[in-house]
Amino acid sequence: MKTKIPTFTNAAEAVPPHAWFGVSAVFHYLGPSFAVLLFPAVGVLGVAWMRITTAALVFAPWTKPWRTFAGATARDWVLLLGLGACLTGMNTAFYIALDRLPMSLVAAIEFVGTIGLALYGLRTGRNLLALALAVTGVFVLIDVRLSSDPLGLFWAFLNGAMFVGYILLGHRIAQGGATGGVERLGAAMAAAFLFIMPIGFVQAAKAVGEPMLLLAGIGVGVCSSVIPYVCDQFAMSRLPRASFALLMALLPATATIIGAVVLMQIPSTRDVLGVLLVMLGVAVHSPAPTEAKSTAEEPV
């Protein structure tokens, strides 16, 4: 009897997709919270440059993006370049918004755009109730005191719009399975590196000759764009888009908690209520019968 040799794909599929999402949810805001601490030393665009550059360098030897591009069809090129542009725009807008607004507010706005995706495919009363609870929690977290910083809100809403694009394009590249999706993600990150190069290089150059700043920037890149995006691919490859979008309701709660622990942005009673409502909505959610099909069967 032959011994079955464990592979990377088997290891990825051995863990429930919701667990991969949980890891992603933590690092999705843990990395940016560290980035905020770097803003005064390197600059917002410089930190964004270091984040994407680090991720591209980490992915390159693992995913070999040149091979992915060499074998890509014209449609694949559009998809990969589109995701690369989306990652660049999303990360840049996100960091500019974080420099001007509390993390919990930026996260709540980021989630608003995914509500439309969550509505797609939801057919059961239980899931509608879950969505209603999650949406209520998000609006409580927003705390309808409109910020006195309209420019910050603009960048926050732009980030939210591009986050929807990331979910759509991310699911598309994940349809080839967990490892195939990661390979295409590596190619998209290489494209993002080319897009970000002229945007943040000048500010990032401030870290040259400062080993601690370079290490901090590398840590931000790994925590922000490597760990969460890989975990997203493992989750997206096995979760329908509607289910994944609804699970995104966890992100405002995660952002509020991490903002309090790392950035000392202590939540109010209203914030805590919003977190509880969001978590309750996710707990109530269950996949509808039609969601048992693979994401490859879903139209985009």
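Above this note sits the structure.
No experiment lies behind these values; they were computed from the predicted model shown.

**Concerning the overall build of the protein**
Piece 1. When helices and strands are counted, the protein shows 14 helices and zero strands.
Piece 2. Start at the N end of the protein and walk to the C end: the helices and strands fall as α-α-α-α-α-α-α-α-α-α-α-α-α-α.
Piece 3. Per-residue burial for the protein yields a buried fraction of 54% across its 300 residues.
Piece 4. Accessible area of the protein: about 13,200 Å², with a carbon and sulfur share of 72%.

**Observations concerning helix α2 (residues 17–42)**
Piece 1. Along its 26 residues, α2 runs 36 Å from first to last C-alpha, staying within 8% of the 38 Å computed at 1.5 Å per residue.
Piece 2. Of all the bends in α2, the greatest, near 30°, is centred on Val36, and the proline Pro40 appears no more than four residues after it.
Piece 3. Phi for Gly43, located one or two positions after α2, is positive at around 100°.

**Quick word on unusual backbone geometry**
Piece 1. Non-glycine residue Lys64 carries a positive phi angle of around 50°.
Piece 2. Looking at where Lys64 falls in the secondary structure, it is placed in the loop between α3 (44–63) and α4 (65–70).
Piece 3. Exposure remark for Lys64: the relative accessible area of 28% places this residue in the partly exposed category.
Piece 4. Of note, Met264 is a non-glycine position whose phi angle comes to about 60°, a positive value.
Piece 5. Tracing the backbone shows Met264 in the loop between α13 (250–263) and α14 (269–284).

**Considerations on the nonpolar core**
Piece 1. Of all hydrophobic cores here, the largest spans 65 residues; its most connected members are Leu87, Tyr95, Tyr166 and Met189.
Piece 2. Looking at which element gives the most residues to this core, the answer is helix α5 (residues 74–98), with ten residues.
Piece 3. Non-local contacts of Met189, meaning those with residues more than four positions away in its chain, are made with Ile52, Ala55, Ala56, Phe59, Leu87, Ser225 and Tyr229.

**Focus: the packing of α2 against α5**
Piece 1. In the contact formed by α2 and α5, the axes pass within 10 Å of each other and the chain directions differ by 60°. On the basis of the axis angle, α2 is oblique to α5. Note that α2 runs across α5; the crossing there is right-handed. Mapping the contact onto sequence places Tyr29, Pro32, Ala35, Val36 and Phe39 in α2 and Phe94, Tyr95 and Leu98 in α5.
Piece 2. When its residues are assigned to classes, the contact of α2 with α5 shows eight nonpolar, no polar and no charged.

**With respect to a nonpolar patch on the surface**
Piece 1. Side chains of Trp77, Leu81 and Phe195 sit close together on the surface and give an oily, nonpolar patch of about 260 Å² of accessible area.
Piece 2. With respect to the helices and strands, the residue Leu81 is situated in helix α5.
Piece 3. Here Leu81 falls in the partly exposed class, since its relative accessible area comes to 33%.

**Some details on the packing of aromatic side chains**
Piece 1. Under the criterion given, the structure shown has ten aromatic pairs.
Piece 2. Seen in terms of ring centroids, Phe69 and Trp77 are 4.8 Å apart; in terms of plane orientation they differ by 45°. Their pairing is tilted.
Piece 3. Assessed through its relative accessible area of 15%, Phe69 is described here as buried.
Piece 4. Feature note: the residues Tyr29, Phe39, Phe94 and Tyr95 constitute an aromatic cluster, connected by ring pairs.

The rules we used
- Residues numbered from 1 in each chain as written.
- Predicted model: local features only at pLDDT ≥ 70, side-chain atom pairs only at ≥ 80, totals over all residues.
- Heavy atoms only, no water.
- Helix = DSSP H or I, 4+ residues; strand = E, 2+ residues; numbered from the N terminus.
- Buried < 20%, exposed > 50% of the residue type's maximum accessible area, 1.4 Å probe, protein only.
- Areas by Shrake-Rupley, 256 points an atom, 1.4 Å probe, with all protein chains shown as cover.
- Expected span 1.5 Å × (residues − 1).
- Bend = angle between axes of the 7 residues up to and from the residue.
- Core = buried A, V, L, I, M, F, W, Y, C linked by side-chain atoms within 4.5 Å.
- Contact = heavy atoms within 4.5 Å.
- Axes fitted to C-alpha atoms, helices over the stretch in contact; angles between N-to-C directions.
- Parallel < 35°, antiparallel > 145°, perpendicular 65-115°, else oblique.
- Left-handed = near helix turned anticlockwise from the far one by under 90°.
- Nonpolar A, V, L, I, M, F, W, Y, C, P; charged D, E, K, R; others polar.
- Patch = residues over 30% accessible without salt bridge, like charges linked within 9 Å, V, L, I, M, F, W, Y side chains within 5 Å.
- Salt bridge = Lys/Arg side-chain N within 4 Å of Asp/Glu carboxyl O.
- Phe/Tyr/Trp six-rings, centres within 6.5 Å; stacked < 30°, edge-to-face > 60°.

Functional significance is not addressed by these values, which are geometric in nature.
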